[in-house]
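# A look at the structure
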Amino acid sequence: MQAKRQVIFFTLLNVCLFTSMACFNYIIDPFCIFHKPIFKKPLYPENHVYLNLGLIETFLKKTNNYDTLLIGASYLWEFYANEISQALQSKGTLKLCIPSIYPYDSQTMIEKACSTHKIKHVILQIDPDAYLYPAYATHPNRNFPYDLYKNKYRVFAMPHIWKTFKIAWLICCSHLFNKDSFKLGAPFPWHAYQDLNNLYTSWDWPEIQLRYKNFQKSVRVAAETYPCFLQYTYNKPINQDFSAIEQHLLSCFKKYFDVHFYLLICPFSLWRYKYDPNSFFQNMNKVINFIDTLCCQIEPCKNVNLYGFNNCQFPSNLKNYHDMWHYNPDINRFMLHCIVNKKHRLTTSNVQAYLNQFIQNVNRFTLKDNNGKIDSLEDLLHNE
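First things first, this report covers the structure right here in the doc. (Residues numbered from 1 in each chain as written. Predicted model: local features only at pLDDT ≥ 70, side-chain atom pairs only at ≥ 80, totals over all residues. Heavy atoms only, no water.)

Moving on: the pairing of strand S2 (residues 68-72). Burial within S2 is extensive, with five of its five residues counted as buried. The alternating pattern of S2 places Thr68, Leu70 and Gly72 and Leu69 and Ile71 on opposite faces, both of which are buried. Note that S2 and strand S3 (residues 93-97) share five bridges and pair parallel. The residue of S3 that forms the bridge with Ile71 is Leu96. Read from S2 through helix H3 (residues 81-88) to S3, the crossover connection turns out right-handed. Sheet topology note: the S2/strand S4 (residues 121-126) ladder contains four bridges and is parallel. Opposite Thr68, over in S4, you have His121 as the bridge partner. (Buried < 20%, exposed > 50% of the residue type's maximum accessible area, 1.4 Å probe, protein only. Helix = DSSP H or I, 4+ residues; strand = E, 2+ residues; numbered from the N terminus. Pairing = 2+ DSSP bridges. Right-handed = clockwise from strand over helix to strand, strands pointing away.)

Written as structure tokens, this is what we have:
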């Protein structure tokens, strides 16, 4: 009898603890999956895959204030939501960004948001590196909660309930100690944002500015020691897998034919393509072939516009970057300007000229030429 009582007590204790945790998570709801923030000064935690679901469930489904999405990785973080809304003359924009986003992740969020039939515009990042993986490939270092996007109530099951509990507790502590952010001694990236307009923007963070200074220093050092760059000539790869285009892009474009999609090929710095001489030719071949194939495959989709910027001058100016990939916010403003004014759009009629200029820019690029200044929006427009 004593053993039976102990089992019953242990079971009831666990049920009570689980119920208490579930109630606490629902009341605080740090990711806004069930309701808007309960605090007067809301905090939106930098936990992308969970918060993005909450933005769709609460701010998109339950209001009529949004009809535009920004979907991409950290390269598009520097967009401001209100600038996108003004440019596209939309109600409002939700930023659904995930570091190192994969095509399957993008499709999952597009399907979830567009199924509400409220979306009119989607600005979508296209990272050639990510689309070189086969369809349904997942990130090796991150577990995207595909199950949670199918059923939001799975947030009360492990491991989601425990992760939600930790973030909810941190947010409560932030308000209790009157902190603007809830770092609480934790290292980057434990940040919280106070509004959805500048969600994920980070250019002014001390961590990013330090990274910028270190990158510029590494460029100056490399300019003196880096070997001469090889000259690239295109050689089309054999049997390259483009199943991700069909499964994760074209399926969305065809299904949601009344939604306007704006695809932005990431304008990485040109050093990103040449820094590793051992894989230089192989990587460039794959990227060039991908852009050419993508342009051809989306041509029948009248609701899709593709934009490329590696025929511009700014990717060769490393002053615009805080590493080989991430660029200053004015470049995002410039890309938005191009969308509005229908510039730098890639079609089957001009893609070959674009790729030829891209190759020329890569071949002419040297580190010793990077002695200028960071390009402002006015500089970018003037260089056009």
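Read on for the rest.
What follows covers a nonpolar patch on the surface. On the surface, Phe9, Leu13 and Leu17 cluster together into a nonpolar patch covering about 310 Å² of accessible area. Assignment of secondary structure puts Phe9 in helix H1 (residues 2-28). (Patch = residues over 30% accessible without salt bridge, like charges linked within 9 Å, V, L, I, M, F, W, Y side chains within 5 Å. Areas by Shrake-Rupley, 256 points an atom, 1.4 Å probe, with all protein chains shown as cover. Salt bridge = Lys/Arg side-chain N within 4 Å of Asp/Glu carboxyl O.)

With mixed pairing, six strands are arranged side by side in an open sheet as S3-S2-S4-S6-S7-S8. Among the strands making up the open sheet, the edge pair consists of S3 and strand S8 (345-346). Pairing between S4 and strand S6 (residues 260-265): six bridges, direction parallel. Across the sheet, residue Gln125 finds its bridge partner in S6, namely Leu264. Against the sheet, helix H12 (residues 329-341) contacts S4, S6 and strand S7 (304-307), and its axis sits at roughly 135° relative to S6. (Contact = heavy atoms within 4.5 Å. Axes fitted to C-alpha atoms, helices over the stretch in contact; angles between N-to-C directions.)

A complete count under the given rule lists zero disulfides for this structure. Of the cysteine sulfurs around Cys32, a residue in no disulfide, the closest is that of Cys172, at 13 Å. Distance from the sulfur of Cys252, which forms no disulfide, to the nearest cysteine sulfur (Cys114) is 7.2 Å. (Disulfide = S-S within 2.5 Å.)

The next subject is the pairing of S7. Along S7, one buried face is formed by Val304 and Leu306 and the opposite face, lined by Asn305 and Tyr307, is buried too. One ladder, built from four bridges, connects S6 with S7; its direction is parallel. Looking at S7, one finds that Leu264 is bridged to Tyr307. For S7 and S8, the ladder comprises two bridges, and the chain directions are antiparallel. Along S8, the bridge assignment pairs Leu306 with Leu346.

On to the packing of aromatic side chains, then. Evaluation of the coordinates by the stated rule reveals 30 aromatic pairs. Ring centres of Phe215 and Trp271 lie 6.1 Å apart, and the angle between their planes is 35°; on these two criteria the pair is classed as tilted. Taken together, the positions of Phe215 in helix H8 (residues 206-225) and Trp271 in helix H10 (residues 271-274) put the pair 56 residues apart, joining distant regions of the chain. Judged by its relative accessible area of 6%, Trp271 is buried. A ring pair is formed by Phe253 and Phe261, whose centres lie 4.8 Å apart and whose planes are at 55°; its orientation type is tilted. Like Phe261, Phe253 is buried. By the ring-pair criterion, three or more aromatic residues cluster together here, those being Tyr104, Tyr136, Phe144, Tyr146 and Tyr149. (Phe/Tyr/Trp six-rings, centres within 6.5 Å; stacked < 30°, edge-to-face > 60°.)

To continue, consider the packing of helix H2 (residues 48-60) against helix H4 (residues 103-114). Packed helix pairs are characterised by how far apart their axes lie and by the angle those axes make with each other. Where H2 meets H4, the axes come as close as 10 Å, and the angle between the chain directions of the two elements is 10°. Put simply, H2 runs roughly parallel to H4. Together, Asn52, Leu53, Ile56, Glu57 and Leu60 of H2 and Met109, Lys112 and Ala113 of H4 make up the contact between the two elements. Grouping the constituent residues of the contact of H2 with H4 by class yields five nonpolar, one polar and two charged. (Parallel < 35°, antiparallel > 145°, perpendicular 65-115°, else oblique. Nonpolar A, V, L, I, M, F, W, Y, C, P; charged D, E, K, R; others polar.)

So, about the nonpolar core. Among the nonpolar cores identified, the biggest contains 113 residues, and Trp271, Ile291 and Phe358 are the most heavily contacted of them. When residues of this core are assigned to their parent elements, the largest contribution, nine residues, is made by helix H11 (residues 280-298). (Core = buried A, V, L, I, M, F, W, Y, C linked by side-chain atoms within 4.5 Å.)

Here the focus is the side chain of His344. Structurally, His344 can be placed in the loop between H12 and S8. With a relative accessible area of 17%, His344 lands in the buried category. Within the local environment of His344, its side chain forms a polar contact with the side chain of Asn311, the two groups lying 3.4 Å apart. (Polar contact = N/O pair within 3.5 Å; in protein donor to acceptor, adjacent residues only side chain to side chain.)

For the rest of this paragraph, the subject is the packing of H3 against H12. Their axes nearest at 10 Å, the elements H3 and H12 cross at an angle of 15°. Judged by the angle between their axes, H3 and H12 are roughly parallel. In this structure, H3 crosses over H12, and the sense of that crossing is right-handed. Taken together, the residues of H12 that come into contact with H3 (itself represented by Glu83, Ile84, Ala87 and Leu88) are Arg333, Leu336, Ile339 and Val340. Considering only residue class, the contact of H3 with H12 consists of six nonpolar, no polar and two charged. (Left-handed = near helix turned anticlockwise from the far one by under 90°.)

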